[in-house]
Amino acid sequence: LPAKKSKKIAVIGGGIGGMEAAIVCAQRGHTVTLYEKSDVLGGVFIAAAAPEFKEKDRDLIAWYNREIKKYPAITVKMNTEVKDIASLGADEVIVATGSVANKIPVKGAAEYGIEAVEYLLKEKGVCENVVVVGGGLTGCEIAYDLFLQGKKPVIVEMQNGLIVSKKICLANTSFLRDFFAANKVPTYLETSVKSIDEDGVICSAADGKTFKIECDSVITSVGYRSAPIAKKSGNVHVVGDADSVGNLRTVIWGAWDVAMKL
């Protein structure tokens, strides 16, 4: 629906949430300036879409990049980090700065651990035997990707099941669980990591027993936390992972909802 009054809107962050908000605002008749601190649009979803089997996700990023260019009302400023919202002079500000990866607070993680995004973006490679610390959706997709490459992944998860987060498509979760079971991918549930060494991971089971999983590489995927540069207040709106870490659907729907109310 067209906006009752055309406004000057600033969108901070060029991930999926930021691009969705910018497009909907432009469609409704607003003038939008999108600020992205890097030199590419897509945010953390670029890493999420990196595995070979995620071709449709890569298509979505390409679609958003094409769609943004269709609207003369959208100005994109790349390599631009916003530190002072007031300086933007906007009627409304949409914060879509996403989230940052949690770091596992154990000995050896910084020296021998590879963060999920570093692996997905091919910034760091892995050897044949890989322990994936974290059995959430990202960790399980990484383990699946490793298996498809002929490597030997092992999953270590603190919860009593894989991918226990809510609002994740059942087709994804059931497929991954069944795949690991059918292909006998070692999975250690209710298991915490005590330290990471050069040749393996020291773990603690639910019964308190400590054991070592020998490996060549360790990938840590222990979730994300919101990283908004400003809180919701008045004309400041927060969308996507910057508001609450979710998934592709929650990011897009949330951004659309906010943009439709401005």
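Residues numbered from 1 in each chain as written. Predicted model: local features only at pLDDT ≥ 70, side-chain atom pairs only at ≥ 80, totals over all residues. Heavy atoms only, no water.

Participant: Describe the overall build of the protein, and please don't skip the residues or the numbers.
Facilitator: Within the protein, the regular secondary structure consists of eight helices and 15 strands. The C-alpha atoms of the protein give a radius of gyration of 20 Å, which matches the 18 Å a tight globule of 262 residues would have. Dimensions of the protein, computed from C-alpha atoms along their principal axes, come out at roughly 65 × 35 × 30 Å. Nonlocal contacts in the protein, meaning residues at least 24 apart in sequence, comprise 66% of its contacts between residues at least 6 apart. Here the protein has roughly 13800 Å² of accessible surface; of this, 52% comes from carbon and sulfur atoms. (Helix = DSSP H or I, 4+ residues; strand = E, 2+ residues; numbered from the N terminus. Rg over C-alpha atoms; globule rule 2.2 N^0.38 Å. Contact = heavy atoms within 4.5 Å. Areas by Shrake-Rupley, 256 points an atom, 1.4 Å probe, with all protein chains shown as cover.)

Participant: I'd like to hear about the sheet that holds strand 10 (residues 192–197), residue by residue, with values.
Facilitator: Strand order in the open sheet formed by three strands is 10-11-12, and the pairing between neighbours is antiparallel. Of all strands in the sheet, those with a lone pairing partner are strand 10 and strand 12 (210–214), marking the two edges. When strand polarity is set aside, the average angle formed by the axes of neighbouring strands in this sheet is 25°. Here strand 11 (residues 200–204) runs beside strand 12; their pairing, made up of five bridges, is antiparallel. Note that in strand 12 the partner of Ser 204 across the bridge is Thr 210. (Pairing = 2+ DSSP bridges. Axes fitted to C-alpha atoms, helices over the stretch in contact; angles between N-to-C directions.)

Participant: Outline the pattern of salt bridges, supporting the account with residue identities and numerical values.
Facilitator: Following the criterion strictly, the structure yields nine salt bridges and no others. Here Asp 243 and Lys 232 are joined by a salt bridge, their closest N and O atoms 3.1 Å apart. Here Lys 232 lies in the loop between strand 14 (224–226) and strand 15 (236–238) and Asp 243 lies in the loop between strand 15 and helix 8 (248–261), a separation of 11 residues in the sequence. Assessed through its relative accessible area of 39%, Asp 243 is described here as partly exposed. Taken together, the shared-partner salt bridges in this structure form one network comprising Lys 54, Asp 57 and Glu 141. (Salt bridge = Lys/Arg side-chain N within 4 Å of Asp/Glu carboxyl O. Buried < 20%, exposed > 50% of the residue type's maximum accessible area, 1.4 Å probe, protein only.)

Participant: How would you summarise the environment of Leu 120 if you had to cite specific residues and measurements?
Facilitator: Looking at the secondary structure, you find Leu 120 in helix 5 (residues 116–120). Put simply, Leu 120 and Thr 138 are 18 residues apart on the chain and 9.9 Å apart in space, counted from C-alpha to C-alpha. Excluding anything up to four places from it in sequence, Leu 120 contacts Ala 47, Ala 48, Ala 50, Pro 51, Thr 138 and Ile 142.

Participant: Give a detailed account of the nonpolar core, specifying residues and quantitative values.
Facilitator: Within the largest apolar cluster, 28 residues are counted, with the highest numbers of intra-cluster contacts made by Val 11, Ile 16, Met 19, Cys 25, Ile 68, Ile 74 and Ile 94. The set of elements that each furnish at least two residues to this core consists of strand 1 (8–12), helix 1 (16–27), strand 2 (31–35), helix 3 (55–68) and helix 8. With sequence-adjacent residues up to four places away left out, Val 11 is seen in contact with Gly 18, Ala 22, Val 32, Thr 33, Leu 34, Tyr 35 and Ile 94. Leu 120, Tyr 144, Phe 179 and Val 185 belong to the second largest nonpolar core, which has 21 residues in total. (Core = buried A, V, L, I, M, F, W, Y, C linked by side-chain atoms within 4.5 Å.)

Participant: Which residues make up unusual backbone geometry, and what are the values?
Facilitator: For Asn 79, which is not glycine, the phi dihedral falls at a positive 50°. Position of Asn 79 among the secondary structure elements: in the loop between strand 3 (74–77) and strand 4 (92–95). Since its relative accessible area comes to 55%, Asn 79 is described here as exposed. The backbone of Ile 163 shows a phi angle near 50°, a positive value even though the residue is not glycine. Since its relative accessible area comes to 3%, Ile 163 is described here as buried.

Participant: Requested: an account of the side chain of Thr 220, with residues and values cited.
Facilitator: Structurally, the position occupied by Thr 220 is in strand 13 (residues 217–220). Apart from the residues within four sequence positions on either side, Thr 220 is in contact with Ile 104, Ile 114, Glu 115, Ala 116, Val 133 and Ile 196.

Participant: Summarise the packing of aromatic side chains; cite the residues concerned and give the values.
Facilitator: What characterises a pair of aromatic rings is the spacing of the ring centres plus the angle enclosed by the ring planes. In this structure the tally under the stated criterion is eight aromatic pairs. Ring centres of Trp 63 and Tyr 64 lie 4.9 Å apart, and the angle between their planes is 80°; on these two criteria the pair is classed as edge-to-face. With a centroid separation of 5.3 Å and 35° between ring planes, the pair formed by Tyr 188 and Phe 211 is classed as tilted. Here Tyr 188 is found in strand 9 (residues 187–188), whereas its partner Phe 211 is found in strand 12, with 23 residues between them in sequence. Counting every residue linked through ring pairs, the aromatic cluster contains Phe 53, Tyr 144, Phe 147, Phe 175, Phe 179 and Phe 180. Residue placement shows Arg 249 over the ring face of Trp 253; its charged tip is 5.4 Å from the ring centre. (Phe/Tyr/Trp six-rings, centres within 6.5 Å; stacked < 30°, edge-to-face > 60°. Lys NZ or Arg CZ within 6 Å of the ring centre and 35° of its normal.)

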